[in-house]
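# Structural characterization, general
So the chains spell out like this:
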Amino acid sequence: MPISRFDAYSFDDWRPYPRLPDHLEADALCRSAPIDWFFPRKGMPAIGKRLCAQCDVREECLDFALTNGVHFGLWGGMTERERHSERQRRKVQKNLE
Ligand code: SF4
C-alpha cells in the first residue's frame, strides 16, 4: 500500500507542513492516494489534479492552503504557482468590491 500525504505527517520532516483539519481530511480523496500524486518531484501532477477535481472538499482545501500560505504541493487541485496566481486574483477581486 503506497504512503499517502496523511501518513507522511507522522514523519518528523513533514511536521512543518500544515495538515488539513480533521473535518476536511475525513472527506479528502487523497487520504489513500500515493503522496507522489500531490508532491511530484518533477512534471505536472496530472493524476493528483484529476482526483482533486472530484473531491468534495476541493474548495475548502484550496482556501485552507491559500489562508495558511502553503507553498509546496498540490492543494485544492492547484500547484504552488497556480495558487500564487489565485492569491493575486482574489486580492484584485477584493479591491474591486
Ligand atoms: S482537493 Fe485534492 S489535495 Fe485537497 S483534499 Fe481533495 S484530493 Fe486532497
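Please refer to the structure placed before this passage.
Residues numbered from 1 in each chain as written. Predicted model: local features only at pLDDT ≥ 70, side-chain atom pairs only at ≥ 80, totals over all residues. Heavy atoms only, no water.

## What about the overall build of the protein chain?
Stated formally: Secondary structure is summarised from DSSP: a helix means a run of H or I of at least four residues, a strand means a run of E of at least two, and numbering begins at the N terminus for each. When we talk radius of gyration, it's over C-alpha atoms, and the globule rule is simply 2.2 Å times the number of residues to the 0.38. Each residue's exposure class comes from its accessible area (1.4 Å probe, protein chains only) as a fraction of the maximum for that residue type: buried when under 20%, exposed when over 50%, partly exposed otherwise. Whether two residues are in contact is decided by their heavy atoms, any of which lying within 4.5 Å being enough. We score Asp and Glu as negative and Lys and Arg as positive, and we do not count His or the chain ends. Where a charge lies is defined by one atom per residue type, namely NZ (Lys), CZ (Arg), CG (Asp) and CD (Glu).
Assigned secondary structure in the protein chain consists of five helices and zero strands. Each helix and strand of the protein chain, placed in order from N terminus to C terminus, yields the pattern α-α-α-α-α. Over its C-alpha trace the protein chain gives a radius of gyration of 14 Å, about what one expects of a compact globule, namely 13 Å for 97 residues. Referenced to the eigenvectors of the C-alpha coordinate spread, the extents of the protein chain come out at roughly 50 × 25 × 25 Å. The buried share among the 97 residues of the protein chain stands at 39%. Taking the intrachain contacts of the protein chain between residues at least 6 apart in sequence as the baseline, contacts between residues at least 24 apart amount to 52%. With 16 positive and 15 negative side-chain charges, the protein chain shows a separation of 6 Å between the mean positions of the two kinds.

## Quick word on the pattern of salt bridges
The criterion, for reference: Salt bridges are identified by distance alone: a Lys or Arg side-chain nitrogen within 4 Å of an Asp or Glu carboxyl oxygen.
A full pass over the atoms with the stated rule returns six salt bridges. Across the pair Glu25 and Arg19 runs a salt bridge, and its minimum N-O distance is 2.8 Å. Residue class for Arg19 comes out partly exposed when judged on its relative accessible area of 38%. Lys49 is paired through a salt bridge with Glu82; the nearest N and O atoms lie 2.8 Å apart. A residue pair is termed long-range when its members are at least 10 positions apart, and Lys49 in helix α3 (residues 46-53) and Glu82 in helix α5 (residues 80-96) qualify at 33 residues. In the salt-bridge network here, residues are joined through shared partners; they are Asp63, Glu86, Arg89 and Arg90.

## Points about the nonpolar core
Operational definition: Take the buried residues of types Ala, Val, Leu, Ile, Met, Phe, Trp, Tyr and Cys, join any two whose side-chain atoms come within 4.5 Å, and each joined set is a nonpolar core.
Counting residues in each nonpolar core, the largest one holds 21 residues, and the members touching the most others are Phe6, Leu20, Ala28, Cys30, Phe38, Phe39 and Trp75. Taken together, the elements giving at least two residues each to this core come down to α1 (5-8), α3 and α4 (58-67). Sequence-distant contacts of Trp75, that is, excluding residues within four places in its chain, are made with Arg5, Tyr9, Pro18, Leu20, Phe39, Cys61, Leu62, Phe64, Ala65, Val70 and Arg83.

## Considerations on the side chain of Glu86
When you line up the elements, Glu86 lands in helix α5. If sequence neighbours within four positions are ignored, Glu86 has contacts with Leu66 and Met78.

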